[in-house]
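Read off the chains here:
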Amino acid sequence: MKRIGILFLCLLGTFNIWAASPELKNMLPLNYAKLNRLSDSQTEELVQDCTALLENSKKTFNLGTDFSYYTAYTQRVGDRLFYRVFVTSSELGLSGQWKVEDCQLSESEYYWLSSPVNSILQVILEKKGKDYSYIAADVFGQWQNLGLNGLNVYYSDFLLFSANDDVAVIHGTFSLPVAIGMMKDGLTKISPRTRNGHYYAKQSAQYTQINANGGSNVFSNDKFILTISASDFLVDSNVPLRHSILSAFDGDPNTCYRENAEENFITLAFSFKTDTAWTKKNGKLRIKEALIINGDASSRNAYFGSNRIAALTAEASENSNSARKETYTFTLNDYQFGSQSVFLPFTEGKNYYVINTTKIYKADADDACMSEFNLKTQNIGWLFAGK
């Protein structure tokens, strides 16, 4: 029998599913409140029903038999039911959640921290009737030795939300650069790299939609997909993904994307992959409008305490290698906590868009913030959450 990771032992009444998931708050700051944890018996039943899918996921990420603890949660998006299954080599609360900080460790402590068995595999499944389909999977908190390029700690997470008549999935991937060195007393010194006095990480994301008929392995096929690149973000020591680009797409103005880039500006790039079948169904892609909640809108003090965007330049081209570009510059109002709509007069057939900050409203902190960002196409409507 598979060992089941049991983390939160407070039963809420007689419900079979436990509401909310505070044990995931530091790991998945944008998702924990949307998830409901299954009981140990329900998790065991799910694992038995999905053994092949889960075993294939472990093989994909070269995870061995040590990964035998399962902790499962449900997430409902509209009338569709998804499962997030976390597969670990020990109880979930003991795995993959290193506090990002400078530290000195013995050889055995460093070996344990950086070992693959200390990472977490997250598998996304959807239940349609009595059957389950594999949506996507990735690891969280995995240390990666890049040889001459140094050491990274790799994180990932997924956003699921309603998008028009379908369910959208965003897969965010994040790399925290780390330096290591030996101390005179034999300890290993671990130093996450800093910029402007704060930790930072590189990031990118992929976006796709699952129609009402469902899908399987949605990031591996040739259907409509969007790749998103963004400036490095500021890493919170306790909650590494708190300020990632996913915070700008989650539909919640109380969360924000906080950059920590070399130029202290926000840059976003959107590369659309629209194949022949998608174009035949929807027409040539055209971006019509952007919707932005500027700054950190979680509170008045937070808003005025960080840089806000004053002006942006948007560029559109057929692809990332094209020299022919359409360019449009627009300004954002300050002292405005709500959303600001920007018309984008680009012609159709452009699949690559870059949006650069060109001017900021200066505050005490150097990092610029964006609480929400959305794009509207004339083909399928708004792309991200909140509309």
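Reference entry: report on the structure contained in this document. (Residues numbered from 1 in each chain as written. Predicted model: local features only at pLDDT ≥ 70, side-chain atom pairs only at ≥ 80, totals over all residues. Heavy atoms only, no water.)

## Things to note about the overall build of the protein
Then, in step 1: A count of helical and extended segments in the protein gives five helices and 24 strands.
Then, in step 2: Oriented by its inertia axes, the alpha-carbon framework of the protein measures out at about 60 × 60 × 45 Å.
Then, in step 3: Relative to its full complement of 387 residues, the protein shows a buried share of 54%.
Then, in step 4: Averaged over its 37 positive side-chain charges, the protein has a centre that lies 5 Å from the centre of its 40 negative ones. (Helix = DSSP H or I, 4+ residues; strand = E, 2+ residues; numbered from the N terminus. Buried < 20%, exposed > 50% of the residue type's maximum accessible area, 1.4 Å probe, protein only. Lys, Arg positive; Asp, Glu negative; His and termini not counted. Charge placed at Lys NZ, Arg CZ, Asp CG, Glu CD.)

## Observations regarding unusual backbone geometry
Then, in step 1: For Asn196, which is not glycine, the phi torsion reads 55° and is therefore positive.
Then, in step 2: For Asn196, the position within the fold is in the loop between β13 (194–195) and β14 (198–210).
Then, in step 3: Given the relative accessible area of 40%, Asn196 is considered partly exposed.
Then, in step 4: One non-glycine residue, Asn264, lies in the positive phi region at around 60°.
Then, in step 5: The residue Asn264 is located in the loop between β16 (257–258) and β17 (267–273) in this model.

## Concerning the environment of Ile190
Then, in step 1: Structurally, Ile190 can be placed in strand β12 (residues 188–192).
Then, in step 2: Its relative accessible area of 0% is what places Ile190 among the buried residues.
Then, in step 3: The spatial distance from the C-alpha of Ile190 to the C-alpha of Glu101 is 7.9 Å, given a sequence separation of 89 residues.
Then, in step 4: Apart from the residues within four sequence positions on either side, Ile190 is in contact with Trp98, Glu101, Asp102, Cys103, Leu105, Tyr110, Leu113, Trp143, Val178, Ala179 and Ile180. (Contact = heavy atoms within 4.5 Å.)

## Brief notes about the layout of surface pockets
Any space left empty among the atoms is revealed by the rolling of a water-sized probe across them.
Then, in step 1: Here the largest pocket is characterised by a volume of approximately 400 Å³.
Then, in step 2: Lining of the largest pocket is provided by 16 residues; of these, Asp166, Gln209, Trp278, Lys281 and Asn282 occupy positions nearest its centre.
Then, in step 3: For the lining of the largest pocket, the element with the most residues is helix α4 (residues 276–282), which contributes four residues.
Then, in step 4: Each residue belonging to the lining of the largest pocket can be placed in one class, and the counts come to six nonpolar, five polar and five charged.
Then, in step 5: By volume, the second largest pocket is sized at about 310 Å³.
Then, in step 6: Surrounding the second largest pocket, 18 residues form its lining, Pro29, Leu30, Arg242, Asn254 and Thr255 being those nearest its centre. (1 Å grid on protein atoms, 1.4 Å probe; cavity = no way out; pocket = protein on both sides within 12 Å on 5 of 7 lines; lining within 4 Å. Points joined across faces, edges and corners; volume = space filled by probe spheres on them. Nonpolar A, V, L, I, M, F, W, Y, C, P; charged D, E, K, R; others polar.)

## Overview of the packing of aromatic side chains
When we look at a pair of aromatic rings, we describe it by the centre distance and by the angle of the planes.
Then, in step 1: Applying the stated criterion across every chain yields a total of 17 aromatic pairs.
Then, in step 2: Aromatic pair Trp98 and Trp143: ring centres 5.0 Å apart, planes at 55°, arrangement tilted. With Trp98 in the loop between β5 (80–88) and β6 (103–105) and Trp143 in strand β9 (residues 142–145), the pair connects residues that are 45 residues apart, well separated along the chain. Like Trp143, Trp98 is buried.
Then, in step 3: An angle of 20° between the planes, with centres 4.1 Å apart, marks the rings of Phe249 and Phe384 as stacked. With Phe249 in the loop between β15 (225–234) and β16 and Phe384 in the segment after β24 (381–382), this pair connects stretches of sequence that are 135 residues apart.
Then, in step 4: Judged by relative accessible area, Phe249 falls into the buried class, the value being 0%.
Then, in step 5: Judged by relative accessible area, which is 1%, Phe384 ranks as buried. (Phe/Tyr/Trp six-rings, centres within 6.5 Å; stacked < 30°, edge-to-face > 60°.)

## A closer look at the side chain of Ser133
Then, in step 1: Relative to the helices and strands, Ser133 is located in strand β8 (residues 131–140).
Then, in step 2: Under the relative-accessibility criterion, Ser133 is labelled buried at 15%.
Then, in step 3: There is a polar contact of 3.2 Å between the side chain of Ser133 and the backbone oxygen of Gly215.
Then, in step 4: If near-sequence neighbours (up to four positions away) are discounted, Ser133 is found in contact with Leu53, Ile124, Leu125, Glu126 and Gly215. (Polar contact = N/O pair within 3.5 Å; in protein donor to acceptor, adjacent residues only side chain to side chain.)

## A closer look at the pairing of strand β19 (residues 308–317)
Then, in step 1: Of all ten residues making up β19, nine are buried, and the element is well covered by its neighbours.
Then, in step 2: As defined by bridge partners, β19 adjoins strand β20 (residues 326–331) across six bridges and the pair is classed as antiparallel. Residue Ala311 lies in a different strand from β20, and its bridge partner there is Thr331. (Pairing = 2+ DSSP bridges.)

## Comments concerning the pairing of β12
Then, in step 1: With respect to burial, β12 is a largely interior element, four of its five residues being buried.
Then, in step 2: For β6 and β12, the ladder comprises three bridges, and the chain directions are antiparallel. Along β12, the bridge assignment pairs Cys103 with Ile190.
Then, in step 3: Relative to β12, strand β11 (residues 166–182) runs antiparallel, the two being bridged by five bridges. Bridging from a neighbouring strand, Ala179 pairs with Ser191 of β12.
Then, in step 4: Taken together, β11 and the strand that follows it, β12, pair antiparallel across an intervening segment of five residues, in which Gly186 is found at a positive phi of about 90°.

Function-wise, these values are silent; they only describe arrangement.
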